[in-house]
Amino acid sequence: MPALHREDTVFVLDLGDEENRFSPDWLTSVHSLLDTVVDHPGPVALVTTGRGKFFSNGLDLGWVAAHPDQADTYVADVQELLARILTLPVPTVAAVNGHAFGAGAMLAIAHDFRIMRADRGYFCFPEADINIPFTPGMAALIQGKLTPAAAVASMTTARRFGGPQARALGLVDEVADEPAVVAAATALVGPLAGKDRGTLRAIKSIMFAPAISALRSPAPVSAP
């Protein structure tokens, strides 16, 4: 399960050491840890990462298949987490330590910045290959963060991008060797930790208003 630790002004949200799929319990845990970050009284920034092979493989499709009557609620919960990260009132960076697929890649996209491992791991929106269309909210999130060309190249092809390719396309901002990914993310976001939270939340909410509105609107889905 996810865990949180603090290094000076930077909180590191550890998503886990497995596939880090978005089970209901996992979502609840992440929200609770984000509460800790936001409630911290001093200057703070957030680095989100995983351990091992995966950053996150996204939706827990096994859980959805076993609970088809809860699919709509589940997707709404996932989209609420993406909206929360997108508007979190502290500086954020995803330290993408390994594979980031589907909603896991969307979670990374929702952060202010992304640093990805250079040598292994893929950044991928596989929806075109697994026959699961993007919800309007998920599409709006990705399109709000990427250039039109990058959105088409990543959303319509299901192509798997390694770190250097992801950087060239603009999916991530920087790449680093695996042992240095979290350190590079901390170095990037740490100096921003003193930003006023009310101002930062307002700026993000205005910048990404269409995506936030779409993520928080009902999006009926069919269970896989």
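Nothing here was measured: the structure is a model prediction, and the numbers come from that model.

### Examining the pattern of salt bridges
- In this structure the tally under the stated criterion is 8 salt bridges.
- Salt bridges sharing common partners tie together Asp14, Asp17 and Arg51.

### Digging into the sheet that holds strand E6 (residues 99-101)
- Taken in spatial order, the 3 strands line up as E4-E6-E8 in an open sheet, and their pairing is parallel. Each edge of the open sheet is held by one strand with a lone partner, namely strand E4 (54-56) and strand E8 (123-124).
- Bridge count for E6 against E8 is 2 bridges, and the pairing is parallel. Pairing of Ala100 across the sheet is with Phe123, part of E8.
- Docked against the sheet, helix H4 (residues 103-110) engages E4, E6 and E8, running at close to 100° with respect to E6.

### Examining the nonpolar core
- With 59 residues, the main nonpolar core has Val78, Leu107 and Phe123 as its most contacted residues.
- Contributing elements (two or more residues each) for this core: strand E2 (10-14), helix H1 (24-39), helix H3 (71-87), strand E5 (92-96), H4, helix H6 (136-145), helix H7 (148-155) and helix H11 (209-215).
- The biggest single contributor to this core is H3, with 9 residues.
- For Phe123, the contacting residues outside a window of four places in its chain are Ala100, Ala105, Ala108, Ile109, Arg114, Met116, Arg159, Arg160, Phe161, Ala166, Leu171 and Val172.
- Ranked by size, the runner-up nonpolar core spans 12 residues in total, among them Ala45, Val93, Val181 and Val189.

### Description of unusual backbone geometry
- Notably, Asp8 is not glycine yet its phi reads approximately 60°, a positive angle.
- Along the chain, Asp8 falls in the loop between strand E1 (3-7) and E2.
- Classification of Asp8 by relative accessible area gives exposed; the value is 63%.
- The phi dihedral of Ala158 falls on the positive side, at around 60°, and the residue is not glycine.
- When its relative accessible area of 7% is taken as the criterion, Ala158 is described as buried.

### Here's the deal with helix H9 (residues 181-189)
- When we look at burial in H9, the residues that qualify are Val181, Ala185, Thr186 and Val189. Buried residues of H9 fall within an arc of 130° about the axis and therefore sit on the same side.
- Elements in contact with the buried residues of H9: E1, E2, strand E3 (45-49), E5, strand E7 (113-117) and strand E9 (174-176).

### Description of the side chain of His40
- Note that His40 resides in the loop between H1 and E3.
- When its relative accessible area of 19% is taken as the criterion, His40 is described as buried.
- Once residues lying within four places of it in the same chain are set aside, the contact partners of His40 are Arg6, Phe11 and Arg197.

### Observations regarding the side chain of Thr87
- Mapped onto the elements of the fold, Thr87 is located in helix H3.
- A relative accessible area of 5% means that Thr87 is categorised as buried.
- A distance of 2.9 Å separates a polar side-chain atom of Thr87 from the backbone oxygen of Ala83.
- Those residues in contact with Thr87, other than ones at most four positions away along the chain, are Arg201, Lys204, Ser205, Ile212 and Arg216.

### Some points on H7
- Those residues of H7 that sit buried are Ala150, Ala151, Ser154 and Met155. Viewed end-on, H7 has its buried residues packed into an arc of 110°, placing them on one side of the element. Pointing more than 90 degrees away from the buried face of H7 are the exposed residues Pro148, Ala149 and Val152.
- Structurally, H7 contributes buried residues whose contacts are with helix H5 (127-130), H6 and helix H8 (163-169).

What counts, and where the lines are drawn
- Residues numbered from 1 in each chain as written.
- Predicted model: local features only at pLDDT ≥ 70, side-chain atom pairs only at ≥ 80, totals over all residues.
- Heavy atoms only, no water.
- Salt bridge = Lys/Arg side-chain N within 4 Å of Asp/Glu carboxyl O.
- Pairing = 2+ DSSP bridges.
- Helix = DSSP H or I, 4+ residues; strand = E, 2+ residues; numbered from the N terminus.
- Contact = heavy atoms within 4.5 Å.
- Axes fitted to C-alpha atoms, helices over the stretch in contact; angles between N-to-C directions.
- Core = buried A, V, L, I, M, F, W, Y, C linked by side-chain atoms within 4.5 Å.
- Buried < 20%, exposed > 50% of the residue type's maximum accessible area, 1.4 Å probe, protein only.
- Arc of directions from axis to C-beta.
- Polar contact = N/O pair within 3.5 Å; in protein donor to acceptor, adjacent residues only side chain to side chain.

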